[in-house]
Amino acid sequence: MASPALASAAAPAQPVATAAAAAPTVRPAVLRPTLLATAVGGAQGALLYGGTIGLLHALHNRLGVWDALVLLLWTLVMYGVGGAVASGLSMLVLRWLRRLRRPVAALATAGLRRDLWVATAAFHFVFWLFTASYGLTYDEAPRWVTSATPMLTFLVLRSLGVLLGTAAAAWLLLALGAALARRRRLGLVLAALAALLLVAQVGVALTHPVAAPERPALPSGFGAPTGVKVAVVGVDGADWRVALPLVRAGQLPHLARLMAEGTWGPLTTFHGSNSAVIWASIYSGRVPATHGIFDFYRIRLAGMSDAFDGVYPVHRTFLKEVALRLQRLGLAAVNPIDRTHVRSPLIWEVARAAGRSVGVIDGYYYSYPAPQLGDTRSFFLGYGSDGLWQQTRRAGRVPTAAEAALQAWPPELLAREGRFLGLPDFTWQGAATLDLLGRYPQPDLLSVYSHQPDAVQHVSWHNYEPGRYFGVDRGRAARRDGIVPFYRVLDAYLGRLQARLQPGTVLVVVSDHGHSPTLFHAMDTQHWHGPPGILLLHGGPVRAGRLPAAANVLDVYPTLLYLLGIPQPDDADGRLLAGVVDPAWLRAHPPQHVASWDGLPPPRTAAPPDAERRRQELE
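Residues numbered from 1 in each chain as written. Predicted model: local features only at pLDDT ≥ 70, side-chain atom pairs only at ≥ 80, totals over all residues. Heavy atoms only, no water.

## Looking at the overall build of the protein
Cut-off, in case you're wondering: Counting from the N terminus, the helices are the DSSP runs of H or I reaching at least four residues and the strands are the DSSP runs of E reaching at least two. Think of it in three bands: residues with accessible area under 20% of the maximum for their type are buried, residues over 50% are exposed, and the middle band is partly exposed, with areas taken using a 1.4 Å probe on protein chains only. Contacts are assigned to residue pairs that have any heavy atoms within 4.5 Å of one another. Residue exposure ignores everything except the shown protein chains as possible cover, and the areas themselves are Shrake-Rupley values with a 1.4 Å probe. Positive residues here are Lys and Arg, negative ones are Asp and Glu, while His and the chain termini are left out of the count. Charge coordinates come from a single atom per side chain, which is NZ of Lys, CZ of Arg, CG of Asp or CD of Glu.
Of the regular secondary structure elements, the protein holds 23 helices and 15 strands. By its C-alpha atoms, the protein is 120 × 60 × 55 Å across when sized along the principal axes. Taken across its 619 residues, the protein has 50% of its residues classed as buried. Looking at the protein alone, contacts between residues at least 24 apart form 76% of all its contacts between residues at least 6 apart. Roughly 27700 Å² of accessible area belongs to the protein as shown, and the carbon and sulfur atoms make up 64% of that amount. Counting 55 positive and 40 negative side-chain charges, the protein places the averaged centre of each group 11 Å from the other.

## So, the packing of aromatic side chains
Condition: Stacked, edge-to-face and tilted labels apply to pairs of Phe, Tyr and Trp rings (six-membered ring for Trp) whose centres lie within 6.5 Å, assigned for plane angles under 30 degrees, over 60, and everything in between, in that order. Two limits define a charge over a ring: the Lys NZ or Arg CZ must be within 6 Å of the ring centre, and within 35 degrees of the ring normal.
Scanning the model with the defined rule gives 28 aromatic pairs in all. With a centroid separation of 4.7 Å and an interplanar angle of 35°, the aromatic rings of Tyr364 and Tyr449 are classed as tilted. Within this pair, whereas Tyr364 is found in the loop between β5 (358–361) and β6 (379–381), its partner Tyr449 is found in strand β8 (residues 445–450), the two being separated by 85 residues in sequence. In this structure, Tyr364 and Tyr449 share a single accessibility class: buried. Grouped by ring-pair contacts, the aromatic residues Trp279, Tyr283, Phe296, Trp348, Tyr364, Tyr365, Tyr366, Phe380, Tyr383 and Tyr449 constitute a single cluster. Arg113 extends its terminal NZ or CZ atom over the ring of Trp171, reaching a point 5.3 Å from the ring centre. One residue, Arg468, lies across the ring of Tyr138, its end atom 4.4 Å from the ring centre.

## What to know about the packing of helix α17 (residues 427–439) against helix α20 (residues 483–500)
Applicable threshold: In this analysis an axis means a line fitted to C-alpha atoms, helices contributing only their contacting stretch, and an angle means the value between N-to-C directions, from 0 to 180 degrees. Angular relationships are summarised with four words: roughly parallel below 35 degrees, roughly antiparallel beyond 145, roughly perpendicular across 65 to 115, and oblique for the angles in between.
At a minimum axis distance of 10 Å, the contact between α17 and α20 shows a crossing angle of 10°. Relative to α20, the element α17 is oriented roughly parallel. For the pair formed by α17 and α20, the contact residues are Gly430, Thr433, Leu434, Leu437 and Gly438 on the first element and Tyr493, Arg496, Leu497 and Arg500 on the second.

## Points about the confidence of the model for the protein
This is how it is decided: Known as pLDDT, the predictor's per-residue confidence is scaled from 0 to 100.
Averaged over the protein, the pLDDT score is 91; the fraction of residues at 70 or greater is 92%. Residue range residues 1–24 is modelled with pLDDT below 50. Its contacts to residues more than four positions away, or to other chains, number one contact.

## Comments concerning the pairing of strand β4 (residues 332–336)
Quick reminder of the rule: Strands are treated as partners if at least two bridges between them are detected by DSSP.
Only one face of β4 is covered, namely the face carrying Ala332, Val334 and Pro336; the face carrying Ala333 and Asn335 is uncovered. Bridge count for strand β3 (residues 297–301) against β4 is five bridges, and the pairing is antiparallel. Counterpart to Arg300 in the pairing with β4 is Ala333.

## Description of the sheet that holds strand β7 (residues 408–409)
Spatially, the nine strands line up as an open sheet ordered β7-β6-β5-β8-β1-β9-β12-β2-β13, and their pairing is mixed. Two strands in the sheet have a free side with no partner beyond their single neighbour: β7 and β13 (545–546). Bridge count for strand β2 (residues 263–267) against β13 is two bridges, and the pairing is parallel. If you follow Trp264 over to β13, its bridge partner there is Arg546.

## Looking at helix α4 (residues 112–133)
Under the convention used in this document: By this rule the span expected of a helix is its residue count minus one, scaled by 1.5 Å.
Taking 1.5 Å as the rise per residue, α4 with 22 residues should run 32 Å; its terminal C-alpha atoms sit 31 Å apart, in good agreement. Listed in full, the buried residues belonging to α4 are Asp115, Leu116, Ala119, Thr120, Ala121, Phe123, His124, Phe125, Phe127, Thr131 and Ser133. Gly135 sits one or two positions beyond α4 and adopts a positive phi of about 85°.

## Digging into the side chain of Thr433
Tracing the chain through its elements places Thr433 in helix α17. Non-local contacts of Thr433, meaning those with residues more than four positions away in its chain, are made with Ile361, Leu446, Val448, Tyr493 and Leu497.

## Concerning the pattern of salt bridges
Cut-off, in case you're wondering: Basic side-chain nitrogens of Lys or Arg form a salt bridge, by our definition, when they fall within 4 Å of a carboxyl oxygen of Asp or Glu.
As enumerated under the stated definition, the model contains 19 salt bridges in all. The partner of Arg95 in a salt bridge is Asp115, with the nearest N and O atoms 2.9 Å apart. Taken as a pair, Arg95 in helix α3 (residues 65–101) and Asp115 in helix α4 lie far apart in primary sequence, 20 residues in all. Look at Arg95 and you get buried, because its relative accessible area is 0%. Here Lys229 and Asp444 are joined by a salt bridge, their closest N and O atoms 3.0 Å apart.

## Considering helix α21 (residues 556–563)
Counting buried positions over the eight residues of α21 gives eight, a clear majority of the element. Listing the buried residues of α21 in full gives Val556, Tyr557, Pro558, Thr559, Leu560, Leu561, Tyr562 and Leu563. Downstream of α21 by one or two residues, Gly565 has phi in the positive range, about 80°.

## Here we look at the side chain of Ser284
Put simply, the rule is: Each polar contact in these results corresponds to two N or O atoms within 3.5 Å; when the atoms are within protein, one needs to be able to donate a hydrogen and the other to accept it, and residues that are neighboring in sequence are counted only if both atoms are side-chain atoms.
The topology assignment puts Ser284 in helix α9 (residues 275–284). Only 3.3 Å separates the side chain of Ser284 from the backbone nitrogen of Arg286, close enough to count as a polar contact. Among residues more than four places away in sequence, those in contact with Ser284 are His291, Ser344, Pro345, Leu346 and Tyr557.

## Re unusual backbone geometry
Put simply, Tyr368 and Pro369 share a cis peptide bond, and its omega is -5°. By the secondary structure assignment, Pro369 is in the loop between β5 and β6. For Asp362, which is not glycine, the phi torsion reads 60° and is therefore positive. The topology assignment puts Asp362 in the loop between β5 and β6. The class of Asp362 is buried, set by a relative accessible area of 2%.

This is the structure we're talking about:
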């Protein structure tokens, strides 16, 4: 019997040959499946996601044929690359894990189809998990989800549902692809799908032409003043779910009195929208399809025509997140909206045309650039005035005359109110409003806007309701809560403001939406699902009571026009909230009507919007 050493020596060539043969098989056994997964994932990402998302954006925006085709090319590339990278990396990990468990010789065919399924399913799962669940709020969860642990349980169950759905879809896609490949028809089908996407994209562009709507003729009359002045306080994101408990606890005495003497209630808002869209509707009385605002900014991708402002992103398609990264490479530009993007006249513009005096302090994006009012009774301090003032002060200078003219009317108003512009949001708007009411006669329409409490609620809700989140110390949360203190500040301000207003003024407090907490998100709350905002009217002919149950953000505009004695446009998308007005006063002042106010020309400004200011606002 030979020893192992002799046996090994007697046949030295066999193990050497095996090793030599095995060595080159490692790379193909890992590399080839990885390349296959990359190709399959890229094709699925491009055709299923890129093509569909390109088509959605073409439907969402009115694009010319060239811009539609450029957009389609970009979405095919972006989502194709995403699918390729995700699937390829997943396959690479899977094949190396198999290499640790199997002989090299068996690696090439071991579990290849299963690995390809898992690799592509991983890409689909991640995409749909974030699309369907990221930022899911407590309002959208079942009733049993009342705290962090039940919410986590619900998210896990929801994720399992997404996993099962995407896994089944990925398996069907691979089975269909394999069947087509066996019949040598896969290339033909992929080419047909690409051609179909191309035809659909061009078809959408041709059937949704880029054409400015014709402006109707201006009405012959603008209505007679009713003698009622209106003061509107817009507080972004204010929510009765915060305010009402504080009112009942006696912590908001001024708001409590206004509610007892006036009309108040929840204000229905838009589902699947954001503040930029909703405030454009509040200020214009039109739906987004008419006023033309669909997001905070527009995205212009490299290759699009120079005169094109860009596309509004469709929510949760990840286009804006990708575009922000492409912008760093000079391949995209993300531009904030401003007044020039609104296709409908705003409430203060209609009031000015009707001969009413106006005072505007921060009308959100739509008060930049500031209009040249040509009226010594009126004043205007536009959105971004505080940012410009603070930036120039850091640079050791004061705003130039050209910069001031873009922000204020009269332009010298910017420097005159400069001592307030270094203060935080709401503080500067409130202080400037009170100061201007001491400098000017009270205008017929006063409008002031603040981004609070939206900002503080987004970042501080975990301190307001610590039980909705993990790892929040209740004692520390109570000390750090910024939401309740803000509502107290707002309450005190409403008391000071009303004391400065003329008797009989209708004070209107309005928000665009409410808030709902979410467990896993960059911010504590979300409002994409459209929680109702607040509306309160007090003074003048306003009666005491509750708002109609169906009161909507679109109803604010016609109601304000009516109180000012300005005729209602028949093409408004909202309606007069007649129930908030004393019936006798309503009979004495029947609503007037005109066909439309859309014939008003755009406001005259000192210059077009400044590109540098837009860049700073985006940052």
